[in-house]
Amino acid sequence: STLGLGAGVTWTAASTLTMYGGSVFINSAPATLSLNNGAFATFGTTDLTWAAITAQGGSSMSWPCGGVITTLTMTNSCTLDKSQDVRTLTITNATIDGDTCAFNDPLNAIVWTNPVSVKQQVSSGPFKFTGTRTVRVV
């Protein structure tokens, strides 16, 4: 299934969008976004603040815009792709599985406010970027 949410969608203060597979093109921010079972999300509007995003079970996020994620949790083979756009995506707090999750940021558009908490073992790097960058990992 495919879901498209326009910029005019108004979410209540405690709203949650939960995807169990399928894809969503999203232009408005619920309080919580939960991606599960290989769900795919494309974010299309700059200047939105995402209070909490949880991705698990092979879910993927494509971020061809700017924005802010306050709390990001990625587990079990999830990815965030920021390779298509140079606008800044600020991630304040992030917790990821270091052995299976990955960030693709070759344009160096992701700004990390706080160190990333990496769980599990790390046999190859979860961060892909260009040139020299400092990524603080706890």
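All values derive from a computational prediction rather than experimental measurement. (Residues numbered from 1 in each chain as written. Predicted model: local features only at pLDDT ≥ 70, side-chain atom pairs only at ≥ 80, totals over all residues. Heavy atoms only, no water.)

Visitor: Would you mind showing me how to read the nonpolar core here?
Guide: Most often, soluble globular proteins keep nonpolar side chains buried together rather than apart. The biggest cluster of nonpolar side chains holds 32 residues, and the ones touching the most others in it are Phe43, Leu72, Met74 and Leu80. Per element, the largest residue contribution to this core is 4 residues, and it comes from strand β10 (residues 89-97). In this view, methionine 74 contacts Ala55, Met61, Thr79, Leu80, Thr95, Ile96, Asp97, Cys101, Ala102 and Phe103; residues no more than four positions away in its chain are not counted. (Core = buried A, V, L, I, M, F, W, Y, C linked by side-chain atoms within 4.5 Å. Buried < 20%, exposed > 50% of the residue type's maximum accessible area, 1.4 Å probe, protein only. Helix = DSSP H or I, 4+ residues; strand = E, 2+ residues; numbered from the N terminus. Contact = heavy atoms within 4.5 Å.)

Visitor: Explain the side chain of asparagine 36 to me, please; I cannot follow it from the model alone.
Guide: Position of asparagine 36 among the secondary structure elements: in strand β4 (residues 32-36). For asparagine 36, a relative accessible area of 5% puts it in the buried group. One polar contact links asparagine 36 to serine 34, side chain to side chain, over a distance of 3.1 Å. Each residue touching asparagine 36, except ones within four places of it in the same chain, is listed here: Thr18, Met19, Tyr20, Gly21, Gln56 and Ser59. (Polar contact = N/O pair within 3.5 Å; in protein donor to acceptor, adjacent residues only side chain to side chain.)

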